[in-house]
Each structure stands twice: as structure tokens, then as C-alpha cells.
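Inside the fold
Each chain, written out:
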Amino acid sequence: MNELIGKYLNGFKIVKIEKDPFVKGQINLLTDEEKVGKFGDRNIIKFFVRDESNSAKVYQELADKEKHVLEQKYDKALSILANFWPPCEQDGFMDKNTDYCTLKCGVDEEIFKKCWDRYIEQHLEVE
């Protein structure tokens, strides 16, 4: 469940996940937002998720939909990049991937998409 930290639920960023000490099977998703009551008391906004409730299914469906949309956008971005040029000349990509480039490079959009995907992955590893 830790993969949910940093994600958003109903516009609130999830910062902590804990098992509920009182309700078996319930998970509490704590956000970075506070709600101030009438007397100045502050409460952290949190969501309660149970496996047997519909809220878990709804959240999973929303997460799956978000993932699908992001995958579509990423694929479209790779297609756009592949139509311009392969990443061979960018930041010494070919020097780091000589074997890959000599074996895989061709004049094919799918190959160029894979090259750009590899290029992006390498830059994410550095960060």
C-alpha cells in the first residue's frame, strides 16, 4: 500500500498510510490537509478504506483508469518523439548503449519508441 503515498484522492495528497487499530482490515489514508473546527481544533483529513467495502473497489477503479490514461499519454509522447528522430545523438545515449543501438536500431517507429523509452528510463535512474 505504500505505493499510494504521494498520490491524490479526491484532490488531497496522501502522506501516510496506517492500519486502523480498532477496525480489522481497515486502512487509514492520511492527507496533508487539515480541517479547522468551530473552536479552533484541527483535524487531519483522512479516508478510511476497507477491503469489503465499495470504496476500495472504487478507488482501485480510479487508480486503474488513471494508470491507463497515463500509459496512453506516454505512448503518444513516444510516438511523437519517434517521428522526429531517435535518441542516439542525445546526451551520449549511443555511447552508453552501443550494443543495443547496433543490434536494434532500424527505421521503425516501434524500435524508436523503445529507444526513447530506454533513454527516459536511464534519465530517471540518474535522478
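Just above sits the structure.
Description of the structure in this document. (Residues numbered from 1 in each chain as written. Predicted model: local features only at pLDDT ≥ 70, side-chain atom pairs only at ≥ 80, totals over all residues. Heavy atoms only, no water.)

**Describing the overall build of the protein**
Helices and strands together make up the secondary structure of the protein, namely four helices and four strands. Shown N-terminal to C-terminal, the secondary structure of the protein runs as helices and strands in the order β-β-β-β-α-α-α-α. By the burial criterion, 23% of the 127 residues in the protein qualify as buried. In the protein, the proportion of contacts linking residues at least 24 apart, taken out of those at least 6 apart, comes to 35%. On the protein, roughly 9,800 Å² of surface is accessible, and the fraction owed to carbon and sulfur atoms is 54%. (Helix = DSSP H or I, 4+ residues; strand = E, 2+ residues; numbered from the N terminus. Buried < 20%, exposed > 50% of the residue type's maximum accessible area, 1.4 Å probe, protein only. Contact = heavy atoms within 4.5 Å. Areas by Shrake-Rupley, 256 points an atom, 1.4 Å probe, with all protein chains shown as cover.)

**Digging into the pairing of strand S4 (residues 42-50)**
Here strand S3 (residues 26-36) runs beside S4; their pairing, made up of eight bridges, is antiparallel. The residue of S4 that forms the bridge with Gln26 is Arg50. (Pairing = 2+ DSSP bridges.)

**Digging into the sheet that holds strand S1 (residues 8-9)**
Note on sheets: strands pair through backbone hydrogen bonds, and any given pair is parallel or antiparallel. Across the sheet, which stays open at both edges, the four strands sit in the order S1-S2-S3-S4 with antiparallel pairing between neighbours. Edge positions in the open sheet fall to S1 and S4, since each of these has one partner strand only. Judged from the five bridges that link them, strand S2 (residues 12-19) and S3 form a sheet pairing that is antiparallel. From the neighbouring strand, Lys16 faces S3, where its bridge partner is Leu30.

**With respect to the nonpolar core**
Grouped together as the largest cluster of nonpolar side chains are nine residues: Leu4, Leu9, Ile14, Ile17, Ile27, Leu29, Phe47, Val49 and Tyr59. Of all the secondary-structure elements, those providing two or more residues to this core are S2, S3 and S4. Ranked by size, the runner-up nonpolar core spans six residues in total, among them Leu78, Cys88, Phe93 and Trp116. (Core = buried A, V, L, I, M, F, W, Y, C linked by side-chain atoms within 4.5 Å.)

**Quick look at the side chain of Asn28**
Tracing the sequence through the fold places Asn28 in strand S3. Reaching out from Asn28, the side chain makes a polar contact with the side chain of Gln26 at a distance of 3.2 Å. Excluding anything up to four places from it in sequence, Asn28 contacts Lys16, Ile17, Glu18, Asp20, Phe47 and Phe48. (Polar contact = N/O pair within 3.5 Å; in protein donor to acceptor, adjacent residues only side chain to side chain.)

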